[in-house]
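Tertiary structure, described
Listed below are the residues making up each chain.
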Amino acid sequence: MSAPRTPSPPDTARPTAPRKLLGRLSLPERNFVADALRTETVGGVLLLFAALAALIWTNAPALHSSYESVSQFHLGPGALGLDLSVQHWAADGLLAVFFFVAGIELKRELVAGDLRAALAAALPVVAALCGMAAPALVYTLTNVIGGGSLAGWAVPTATDIAFALAVLAVIGTALPSALRAFLLTLAVVDDLFAILIIAVFFTSDLNFAALGGAAVGLGVFWVLLRRGVRGWYVYVPLALVNWALMYNSGVHATIAGVAMGLMLRCHRHEGEQHSPGERIGHLVRPLSAGLAVPLFALFSAGVTVSSRALGDVFTQPETLGVVLGLVIGKVVGIFGGTWLTARFTRASLSEDLAWPDVFAVASLAGIGFTVSLLIGELAFDGDGALADEVKAAVLCGSLISAVLATTLLKIRNSKYRALCAVEERDDDSDGIPDIYEQDDPAYHLRMADIYERKAAEHRRIAETRSRTP
């Protein structure tokens, strides 16, 4: 009987690697991304259920009228200009919470995350810009050729991070943290530009008095934060006032949410375990992912589905442009932007990944649900029938992108699992993955001791077996 092989000690040579695109994250960034994605993934699964519930509710003959009654039921103080339907409250009120969290995440990325360095920020910013420009161009070309309306050019530009991560959760893909972080950061930057699009292109009939009041309210919010005033009973009423003023100004009310999110401090002072932005984001993110976004989906995804309606999606230029923008435009834009970054800078793709991985993630970004539905409602506000058809197109495009991404990710799933196993390995059981301790001399002393003890155990077993008849 052969003796067990004695493990060799780890190689301590650590050559300096060039800057890599989608390389391994720092440990703090990895932990933050893991926590954020867990919440977003759960929220994404709830979002899937809410969308399915909306489709069943509105397409069941016995339930359709009740869906219309509930979604169009009005409530709120009319004297303040807030006598809104339930559907309107979901789109303008609940999504403000979603954009508030997006503002916090963007601020954190800018001051403490990977976007604080210009070189690191270049990739997701370029990819996000290209991933918005290409779908808009595809939509525009489709409608110029087909003679359709150009009003919906912005509909396919958005990426729904919660829905995309829900797809990952359902198919069980062990996507490496670098690709997950790329998708998360890409979606955050995407959300910022989507907010700018809403503010610039879908704002009309400004009420300057209300807009001025909102500006003053946001200023008060900023001053209180800078003076260190604490207490939810101060900020929650002030946030509601700012939201109401922004809504009445004619600017989309979600702008108030992202503005207040960007004002929060996301860097830590000496002695702080968490910054205010991290602490508040941790508290509000479950509310956003678990309640606000699913309820928005419940009252926005209720479109009538029939063979004729689905046929119209692929024959009308407006709806076909949305589908092609999400399925083709997003992939071409994000993959092309990433490739151009690698081609015209000194960076190169991480050796652990291949370009098909980037292509798969780019196809996953074609799931444009929440913000795409919102922009569709704004773009075709005066044409309810076309607005519903565009919603159906968003659902079809997102579904096609999800199926395409699932297929591509499944092909590479075994490779992803191997990468994740390396990232999670912790031989010295100190709670820190070994891959993050390779530059720590103390780590190598601990590992040398572990390997010496293992070698001694193997020698003892071999000696025992050699004396056994």
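Residues numbered from 1 in each chain as written. Predicted model: local features only at pLDDT ≥ 70, side-chain atom pairs only at ≥ 80, totals over all residues. Heavy atoms only, no water.

The next subject is the overall build of the chain. In terms of regular secondary structure, the chain is built from 17 helices and 4 strands. Looking at the chain residue by residue over its 469 residues, the buried ones come to 48%. Taking the contacts inside the chain whose residues are at least 6 apart along the sequence as the reference set, 78% of them involve residues at least 24 apart. If you sum the accessible surface of the chain, you get close to 22000 Å²; carbon and sulfur atoms cover 65% of it. (Helix = DSSP H or I, 4+ residues; strand = E, 2+ residues; numbered from the N terminus. Buried < 20%, exposed > 50% of the residue type's maximum accessible area, 1.4 Å probe, protein only. Contact = heavy atoms within 4.5 Å. Areas by Shrake-Rupley, 256 points an atom, 1.4 Å probe, with all protein chains shown as cover.)

Packing of helix α7 (residues 208-226) against helix α9 (residues 254-263) leaves a shortest axis separation of 10 Å and a crossing angle of 20°. Relative to α9, α7 is oriented roughly parallel. Judged by the sense of rotation from one axis to the other, the crossing of α7 with α9 is right-handed. Taking contact as the criterion, the partners of L218, F221, W222, L225 and R226 in α7 are, on α9, A256, A259, M260 and M263. (Axes fitted to C-alpha atoms, helices over the stretch in contact; angles between N-to-C directions. Parallel < 35°, antiparallel > 145°, perpendicular 65-115°, else oblique. Left-handed = near helix turned anticlockwise from the far one by under 90°.)

Taken as a whole, the second largest pocket holds about 1100 Å³ of empty space. Taken together, 32 residues line the second largest pocket, and the ones lying closest to its centre are F100, Y235, V236, I280 and V284. Contributions of two or more residues to the lining of the second largest pocket are made by α3 (86-111), α7, α8 (232-249), α9 and α10 (276-300). Partitioning the lining of the second largest pocket into residue classes produces 22 nonpolar, 5 polar and 5 charged. (1 Å grid on protein atoms, 1.4 Å probe; cavity = no way out; pocket = protein on both sides within 12 Å on 5 of 7 lines; lining within 4 Å. Points joined across faces, edges and corners; volume = space filled by probe spheres on them. Nonpolar A, V, L, I, M, F, W, Y, C, P; charged D, E, K, R; others polar.)

Position of L408 relative to the elements: it lies in helix α15 (residues 384-411). Here the alpha-carbon distance between L408 and S363, two residues 45 residues apart in the chain, equals 8.8 Å. Not counting residues up to four positions away in its chain, the partners in contact with L408 are F359, A360 and S363.

What follows concerns the side chain of D160. Relative to the elements of secondary structure, D160 occurs in the loop between α4 (118-146) and α5 (161-171). With no salt bridge to any partner, buried D160 finds its closest opposite charge in K330, at an N-O distance of 11 Å. Reaching out from D160, the side chain makes a polar contact with the side chain of T370 at a distance of 2.3 Å. Here D160 is in contact with L47, I367, G368, F369 and T370, once residues within four sequence places are set aside. (Lys, Arg positive; Asp, Glu negative; His and termini not counted. Salt bridge = Lys/Arg side-chain N within 4 Å of Asp/Glu carboxyl O. Polar contact = N/O pair within 3.5 Å; in protein donor to acceptor, adjacent residues only side chain to side chain.)

In terms of nonpolar packing, the biggest core is built from 93 residues, with F99, V322, L364 and F369 touching the most fellow members. Once residues within four sequence positions are removed from consideration, F369 is found in contact with L47, A51, D160, F163, A297, A301, V394, L395 and S398. Counting residues in hydrophobic clusters, the runner-up holds 7 residues, among them L84, W243, A244 and Y247. (Core = buried A, V, L, I, M, F, W, Y, C linked by side-chain atoms within 4.5 Å.)

Don't take any of this as a statement about function, it's just geometry.
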